[in-house]
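Topology and contacts: notes
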Amino acid sequence: MSLALLLVSVAASESRGASTRSLTAAGTWELWIIPAVLVVAVASAGWAWWLSRRRSSPQGDGSGRLPHWLQRAADAALLIDEDGRVLDANQRALTLYGYTLAEMQALGPGHLAVNRGEELIHQRTLREADDGRVIATLHRRKDGSTFDATLSGAACVTRRGACLLATVHDVSLIKAAQRKVERTRQLQLMLAQVNQAIIRAESADQIQEMVCQILVETGLFKLAWIGRLDPESAAIRPAAAAGDDHGYLDEISVYADDRAEGRGPVGAAIREARISVCNDFLAAAHTSPWHEAAAKHGLRSSIALPVRVAGQVRAVLSVYASSPNFFGEDETALLEPVAADLSFALDMLEQEKKREQAEARSVLLGTALEGAPNGILITDLHGTIEWANPAFVRASGYAADELVGKNPRLLKSGHHRSEFYTELWRTILAGQTWHGEVVNRRKNGELYVEDLTIIPVRNAAGAIRQFVAISQDITGRKGAERRVREQAALLDQASDAIVVADLNHRVSFWNRGAERLFGTSAREMLGRTLEEAFALDRDVGPTAFHDALAEPRDWRGELRSRNQAGRTMIIETSVTMLRDDHGQPTGRLCISADVTHRKALEEQFLRVQRMENLGMLAAGISHDLNNILAPMRMVGPLLRDRLSEPRDLRLLDTLESCAARGAGLVRQILGFAQGVAGEHRVVQVKHLLRDITDVIAASFPKSIVLEDEIPADLWPVNGNPTQIHQVVLNLCVNARDAMPEGGTLRLRGQNCLLDEETARTIEGARPGPWLVLQVEDTGTGIPADVLSRIWEPLFTTKAPDKGTGLGLSTVRGIVAQHQGLVTVKTEVNRGTTFSVYLPVEETAVTGTGTASPFAATAARGEQVLFVDDEASICELATAVLSRHGYRVLTARDGAEAIAQFAPRIADIALVITDLDMPTLDGAALCRVIHTLSPDTKILATSGFVQAAPPKEAFSGFLPKPFTPEKLLKIVEEALPAKRAESTGSANRA
């Protein structure tokens, strides 16, 4: 018995060794499955026989250990007690599970199995049964790995009690072989279904969809998709997919180039034309762009197979599995034919498509030739007519059978000399295309003119075999052109440019008006294209004009052009199609007029409108700002009498200075926006120049270095500070634009006494004192041809969106208003200097004439009603007037003011009111007060400084923000009696 069991064990061992060797040999692994199964069956039967014999001997050996000969058995033998614990195991069992005997004995019941409860049931079944049954189970090794096993055995009795003598046979290789057989069967079925689908499919899209569906449903792959290569972007875009129910393909981008998204299996398959496998998709570095999406959708391994169409890899078949290390040699070997069959099918469909397209083109070409409006004639190398289309038949008057076999000389009219035909044949026999106009004779003897093109046709060897002649009957067109020229002669004296062009856009007529407008003669322009003739500015891009020329339709619009002298013009052009008696287009009539000046005026008008709108906005802003600044300007003098610390006085000086500067900025903004010139007054230009240096430092590029020379003793001038500021700033901006790469800008101011000799060298100058303002740059300079035109309005060398041509003309105009003059010195590539001369009052030079500061006198207790909707202004005005002896009443609007005024008509000597208030504004309040008391003096105040109120309604106007000094001064002027009395008292004193 021991010998029989040993033979069975040895046979099983040999069978497993042979099976292992067979598995490594491709294509032969199926041969060992049946012998292995037989070995397992024999071994199991042997164990069952032995165990049945052991059962018939109730005591067994009684030692509680396996017999010595079982220790050497090839299969694992276990002695298990009634609780399911291992009492003993042979060497094979220890090797199979990886435990020592002591470790195995220490294990809990059924611990060797993956499912312990199920294992204990199997053990109980084997104890109770006596039929030699074999139970399939799944066991676990010490390292945690599992393996398929068969469990058999029988009950026995030892000194330790009733036990189970069990044998465990490792059948994992057999199971794997079975799974492999089943997988192979599935893949072969999949391949067969793919071939059937290719036969049934009628389009590439249908084939691709069916292949992907079969790979997922029959091949049991997780995902399959076919990507098509876009050659322009190198993107690989899905053409078909199956198994992508959750949108994996919508979340990824794949390319075929060397970017990160092109280094994965799909990109490599197309780029390198090879099969690319990745069996650990979530760990491979080259698949990192898709790790997150793949993990989300359960994709663990992939294979990408190139798909060739017309010999080139144009697509890829990409297949995914849900487990790693899925794509081995067998999977790859059976997927490769799928890609090959798909390539073959797509290639055949591509060829079929090309063949159908070629047939369609042939039919289309034949139809086009038959239906072409132009005559088409095909001859052999010697000129014998082989075919003529219906249009040629109609034009010549001959039937097709009358033309075939004849020579085209039957159409000769005698209009051309023999040299004309000799040159024609010389050209086409040399392989060149001939084009020209030919006068032929129809069958009925009538002459007609053809626009004829003859093209040589070569065979595959390059030899000329045939000629194709394409002709167009232009008899009507030639007559129309003749009539147009006759009519154009009547319009030759028109001021507008009149141009006639053929359908190829070439000029056939150019009138005197066109010569005057563009500066070119008709002889120079005839035969040129309209684009060349009109000298269109390519930077502007006359796309609409080109589109109009591409279609037989009328067009009207504006074009930017340059005349012969280089002057840019805006021409208003209308293009009208010329048609023959049958309504067919024969040419184009273009009438153009120079509207450059008109467009400039329109542009200037729009600019003025924009400035008006800006002025309205600035007026509103200035009103609010003046209301804010008014309390600041009044509070300074009120606080000055209460402060004694030098530091506090300096802070107060800063407050008053900033408030005054803010008020000045408001006036300056309003002057710029509304163009308000304002009155001339004595101006300290040095302050304006310092303001401009601040503007330049804050806004000009850092590559421009500013150097200024502003002496402290500059003479004042009589002028408008806003306009002088504008003059200098315009010149500085021009200097900046002349130095695009950077440079030095110098701003100078100097006192100058011109004698008679020096004054004669400066045009328009007179002897005497002048203030000279100079703006110098190191820029490009002004060329001589441009220098003579710089003062012209609307003239500019800047781009349309960079300049208006109004800067220097505005400078000259403002300086002229100030009785001054401007000179310019320039050198190309060295720089330019503008000098502005402003006349100086004699008193400024001699130092005579000083203004006395205003000194307010004490009031006699007159009552003043102050009306303003700003509480802070009312409060501070009350403080100022009260300190100087006035009694002050306040009101927040017109209605409240009337309520204050009505009961005190006799007491209120003066009313000061804001013009812009809610409920009842200042003008309405003035009318009501004058109705109640016509003699009451009313002063107006407002943050809107652009216009004073009517003098007949108000006794004076005080613009905001105002200082206490200005407030007191205007109040004293409005109360002459008090002022006269105060003056008399002062004189007596």
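Note that this is a predicted model, so its numbers are computed, not measured.

Before going further, it helps to spend a moment on the overall build of the chain. Of regular secondary structure, the chain possesses 33 helices and 32 strands. The proportion of buried residues among the 989 residues of the chain is 43%. Here the analysis covers contacts within the chain between residues at least 6 apart in sequence; of these, 57% occur between residues at least 24 apart. Of the roughly 51,300 Å² of accessible surface on the chain, a fraction of 53% belongs to carbon and sulfur atoms.

On to the environment of Arg 812. Examined against the element boundaries, Arg 812 turns out to sit in helix H27 (residues 807-817). Residue Arg 812 is classed as partly exposed on the basis of its relative accessible area of 45%.

Counted under the stated rule, the structure contains 32 salt bridges. Between Arg 477 and Glu 437 there is a salt bridge; the shortest N-O distance is 3.8 Å. Here Arg 477 is found in helix H16 (residues 475-490), whereas its partner Glu 437 is found in strand S13 (residues 434-441), with 40 residues between them in sequence. Arg 477 sits in the buried class, given a relative accessible area of 13%. Put simply, Asp 473 and Arg 442 hold a salt bridge, and the shortest N to O gap is 2.6 Å.

Remember that side chains alternate between the two faces of the sheet whenever the strand is regular. Relative to strand S24 (residues 743-754), strand S22 (residues 704-709) runs parallel, the two being bridged by six bridges. By the bridge assignment for S24, Ile 704 is matched with Gly 743. When S24 meets strand S25 (residues 768-777), the two strands line up antiparallel, connected through ten bridges. Bridging across to S25, Gln 750 finds its partner in Val 772.

Attention now goes to the sheet that holds strand S2 (residues 86-89). On the basis of which strands lie adjacent, the open sheet formed by five strands has the order S2-S1-S5-S4-S3 and antiparallel pairing. Strands at the two margins of the open sheet, each flanked by one partner only, are S2 and strand S3 (135-140). Strand-to-strand, the axes of this sheet are offset by a mean angle of 35°, without reference to chain direction. In terms of strand pairing, strand S1 (residues 76-81) meets S2 through three bridges, oriented antiparallel. Of the residues in S2, the one forming a bridge with Leu 79 is Asp 88. Contacting S1, S3, strand S4 (146-158) and strand S5 (161-170), helix H6 (residues 116-128) crosses the sheet at an angle of about 45° to S4.

Turning next to the sheet that holds S25. In space, the five strands of this open sheet follow the order S22-S24-S25-S27-S26, with mixed pairing throughout. Taken across any chain shown, the strands that pair with only one partner, and hence form the sheet edges, are S22 and strand S26 (821-827). Going from strand to strand, the sheet's axes swing by 15° on average, the running direction of each strand aside. Running at roughly 175° to S24, helix H23 (residues 685-699) makes contact with S22, S24 and S25 of the sheet. Sheet strands in contact with helix H24 (residues 721-737) are S22, S24, S25 and strand S27 (831-839), and its direction is about 30° off that of S25.

This part takes up H6. Taking 1.5 Å of rise per residue, 13 residues should cover 18 Å, and H6 covers 19 Å from first to last C-alpha, within 8% of that figure. Near the N-terminus of H6, the side chain that reaches the backbone nitrogen of Gly 117, with its oxygen 3.4 Å away, is that of Asn 115.

Residues Leu 617, Ile 621, Leu 625 and Ile 628 make up a contiguous nonpolar surface patch of roughly 360 Å² in combined accessible area. Take Ile 628: it is sitting in helix H21 (residues 596-640). Owing to a relative accessible area of 53%, Ile 628 belongs among the exposed residues under this scheme.

Take the side chain of Asp 81 next. As for its placement among the helices and strands, Asp 81 is situated in strand S1. It turns out Asp 81 is buried and unbridged, and the closest side chain with the opposite charge, Arg 85, is 5.3 Å from it. A polar atom in the side chain of Asp 81 sits 3.0 Å from the backbone nitrogen of Gly 84. Excluding anything up to four places from it in sequence, Asp 81 contacts Leu 87, Arg 127, Ala 162 and Cys 163.

Remark: helix H8 (residues 204-217) packs on helix H12 (residues 329-371), axes separated minimally by 10 Å, with the N-to-C direction vectors making an angle of 165°. Considering their axes alone, H8 and H12 lie roughly antiparallel with respect to each other. Considering only the axes of H8 and H12, their crossing is right-handed. Judged by residue contacts, Ala 204, Ile 207, Gln 208, Val 211 and Leu 215 of H8 engage Leu 335, Val 338, Leu 342, Ala 345, Leu 346 and Leu 349 from H12.

Moving on, we get to the packing of aromatic side chains. One pair of aromatic rings is described through two measures. These are the centre distance and the angle between the planes. With the rule as written, the count across this model stands at twelve aromatic pairs. Summarising the aromatic geometry, the rings of Phe 221 and Phe 327 are spaced 5.9 Å apart at their centres and angled 10° between planes, so their arrangement reads as stacked. Placement of the pair is Phe 221 in the loop between H8 and strand S6 (223-229) and Phe 327 in the loop between strand S10 (312-321) and H12, with a sequence separation of 106 residues. The exposure class of Phe 327 is buried, given its relative accessible area of 4%. Here Trp 770 and Tyr 837 contribute two aromatic rings whose centre-to-centre distance is 6.3 Å and whose plane-to-plane angle is 85°, an arrangement assigned as edge-to-face. One end of the pair, Trp 770, is in strand S25; the other, Tyr 837, is in strand S27, with 67 residues separating them in the sequence. The exposure classification of Trp 770 matches that of Tyr 837, with both residues buried. Within the aromatic cluster, the residues linked to one another by ring pairs are Phe 221, Phe 326 and Phe 327. Sitting above the plane of the Phe 221 ring, Arg 183 keeps its charged end 4.8 Å from the centroid.

Attention now goes to helix H30 (residues 894-901). Every buried residue belonging to H30 is among Gly 894, Ala 897, Gln 900 and Phe 901, and all of these are buried. Down the axis of H30, the sector holding all buried residues measures 115°, keeping them to one side. Next to the buried residues of H30 lie strand S28 (863-867), strand S29 (887-891), strand S30 (908-914) and helix H31 (922-932). Here H30 starts with a cap whose side-chain oxygen sits 3.2 Å from the backbone nitrogen of Ala 895, and that cap is Asp 893.

For the rest of this paragraph, the subject is the packing of H30 against H31. Where H30 contacts H31, the two axes come as close as 10 Å, and the packing angle between them is 15°. Classified by the angle their axes make, H30 and H31 are roughly parallel. Relative to H31, the crossing made by H30 is right-handed. Contact with H30, carried on its side by Gly 894, Ala 897, Ile 898 and Phe 901, involves Leu 925, Val 928, Ile 929 and Leu 932 of H31 and no other residues of that element. Across the contact of H30 with H31, the residue classes break down as seven nonpolar, one polar and no charged.

Okay, unusual backbone geometry next. In this model, Lys 960 is joined to Pro 961 through a cis peptide bond whose omega is -5°. Tracing the backbone shows Pro 961 in the loop between strand S32 (956-959) and helix H32 (964-974). Despite not being glycine, Ala 273 has its phi angle at roughly 55°, a positive value. Turning to its location among the elements, Ala 273 is positioned in the loop between helix H10 (265-272) and strand S8 (276-278). Judged by its relative accessible area of 34%, Ala 273 is partly exposed.

Here we take up the confidence of the model for the chain. Should pLDDT be low for a region, the predicted coordinates there are not to be read in detail. For the chain, mean pLDDT is 81; residues scoring 70 or higher make up 84% of the total. Low pLDDT, under 50, characterises residues 1-45; the stretch is placed with 48 contacts to residues that sit more than four places away or in other chains. This stretch, residues 47-61, has a pLDDT under 50; its non-local contacts, to residues over four places away or in other chains, come to 29 contacts.

Turning to the nonpolar core, a few remarks are in order. Grouped together as the largest cluster of nonpolar side chains are 37 residues, with contacts concentrated most on Cys 732 and Leu 773. Sequence-distant contacts of Leu 773, defined by excluding residues within four places in its chain, comprise Val 685, Leu 689, Ile 724, Val 728, Arg 748, Gly 749, Phe 834, Ser 835, Val 836 and Leu 838. Core analysis: the second largest hydrophobic core is formed by 35 residues, Ala 197, Ile 303, Leu 317 and Leu 334 among them.

Let's shift gears to the environment of Ala 909. Considering the arrangement of structural elements, one finds Ala 909 in strand S30. With 45 residues separating them along the chain, Ala 909 and Val 864 place their C-alpha atoms 6.1 Å apart. Sequence-distant contacts of Ala 909, defined by excluding residues within four places in its chain, comprise Glu 862, Gln 863, Lys 937 and Leu 975.

Moving on, we get to the environment of Val 393. For Val 393, the location among the structural elements is in helix H13 (residues 390-396). For the pair Val 393 and Arg 442, spaced 49 residues apart in sequence, the C-alpha separation works out to 9.9 Å. When near neighbours in sequence (up to four residues on either side) are disregarded, Val 393 contacts Tyr 398, Ala 399, Ala 400 and Leu 403.

Rules used throughout
Residues numbered from 1 in each chain as written. Predicted model: local features only at pLDDT ≥ 70, side-chain atom pairs only at ≥ 80, totals over all residues. Heavy atoms only, no water. Helix = DSSP H or I, 4+ residues; strand = E, 2+ residues; numbered from the N terminus. Buried < 20%, exposed > 50% of the residue type's maximum accessible area, 1.4 Å probe, protein only. Contact = heavy atoms within 4.5 Å. Areas by Shrake-Rupley, 256 points an atom, 1.4 Å probe, with all protein chains shown as cover. Salt bridge = Lys/Arg side-chain N within 4 Å of Asp/Glu carboxyl O. Pairing = 2+ DSSP bridges. Axes fitted to C-alpha atoms, helices over the stretch in contact; angles between N-to-C directions. Expected span 1.5 Å × (residues − 1). Polar contact = N/O pair within 3.5 Å; in protein donor to acceptor, adjacent residues only side chain to side chain. Patch = residues over 30% accessible without salt bridge, like charges linked within 9 Å, V, L, I, M, F, W, Y side chains within 5 Å. Lys, Arg positive; Asp, Glu negative; His and termini not counted. Parallel < 35°, antiparallel > 145°, perpendicular 65-115°, else oblique. Left-handed = near helix turned anticlockwise from the far one by under 90°. Phe/Tyr/Trp six-rings, centres within 6.5 Å; stacked < 30°, edge-to-face > 60°. Lys NZ or Arg CZ within 6 Å of the ring centre and 35° of its normal. Arc of directions from axis to C-beta. Nonpolar A, V, L, I, M, F, W, Y, C, P; charged D, E, K, R; others polar. pLDDT = per-residue confidence, 0-100. Core = buried A, V, L, I, M, F, W, Y, C linked by side-chain atoms within 4.5 Å.

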